[in-house]
Amino acid sequence: MNALFTKMSESTAEDWQIILPEQVAYFKKLPDRILAHLELLTGDYGGFAIDRLQHSLQTAHRAAEAGEDEEYVVCALLHDIGDTLGSANHADVAAVILEPFVSAENHWMIKHHAIFQGYNFFHFLGADRNMRDQYRENPNFKRTARFIAKYDDPSFDPQMPKLELSVFEPMVRRVFSKPKSSMYKSFLEN
């Protein structure tokens, strides 16, 4: 049975008794959709020596090997997930996906990682490599610069053995199992 209203303003409590369980079930499949979307990065080299999925996996692997917590590792894994649909703002796309599920510090790091990575190549494109300096006073500046230097920057290595997304699947499922902040949080925890 489906709700029958044609305008949300005309919906009823009975309609929402139909809709809410469907929405909760859909929410619970979010990790599946995220993992499937990461798979879209397979074979997308974009001129780099490795495809975007392997880059994401290498970044997450390095973070995990260094002892970063699970949430951080998942952020590292998803940092470039926006490349497919947000080619002009991929970091923003990744940050929006992660925001309800991660700390404010991890969200800020992912949202700004592209401008920090730009330090390594913007000058080759005629842009200001020091663009990140506008955030120097932000408490997350060092955290984000460290993310780039330790995990993102060195993760374009074609000599590194191929990694599998399945290694990180349990982490993705745990991090995305329940939001830390969302206007829908109370409804999704049923």
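Computed from a prediction, not measured in an experiment: that's the story for all the values here.

1. Some words on the UniProt feature "domain: HD" (unreviewed entry) in the protein chain
Part 1: As recorded in UniProt, the sites labelled "domain: HD" (unreviewed entry) are residues 52-118.
Part 2: For the annotated span residues 52-118, helix accounts for 69% and strand for 0% of the residues, and the straight-line distance between the end C-alpha atoms is 17 Å.

2. A look at the nonpolar core
Part 1: Counting residues in each nonpolar core, the largest one holds 43 residues, and the members touching the most others are Leu38, Leu77, Leu78 and Phe176.
Part 2: For this core, the secondary-structure elements that each account for two or more residues are helix 2 (30-39), helix 3 (52-65), helix 4 (70-78), helix 5 (90-98), helix 6 (104-117), helix 7 (141-152) and helix 8 (169-175).
Part 3: When residues of this core are assigned to their parent elements, the largest contribution, seven residues, is made by helix 4.
Part 4: Leave out the neighbours within four places in its chain, and Leu77 touches Leu38, Ser56, Leu57, Ala60, Leu165, Phe168 and Val172.

3. Some details on the pattern of salt bridges
Part 1: On inspection of all chains with the given rule, the structure shows 10 salt bridges.
Part 2: Linking Arg52 and Asp44 is a salt bridge whose minimum nitrogen-to-oxygen distance equals 3.0 Å.
Part 3: Sharing partners across several salt bridges, the network here consists of Asp32, Glu169 and Arg173.

Criteria and thresholds
Residues numbered from 1 in each chain as written. Predicted model: local features only at pLDDT ≥ 70, side-chain atom pairs only at ≥ 80, totals over all residues. Heavy atoms only, no water. UniProt positions renumbered as here; feature names shortened; annotations may be inferred. Helix = DSSP H or I, 4+ residues; strand = E, 2+ residues; numbered from the N terminus. Core = buried A, V, L, I, M, F, W, Y, C linked by side-chain atoms within 4.5 Å. Buried < 20%, exposed > 50% of the residue type's maximum accessible area, 1.4 Å probe, protein only. Contact = heavy atoms within 4.5 Å. Salt bridge = Lys/Arg side-chain N within 4 Å of Asp/Glu carboxyl O.

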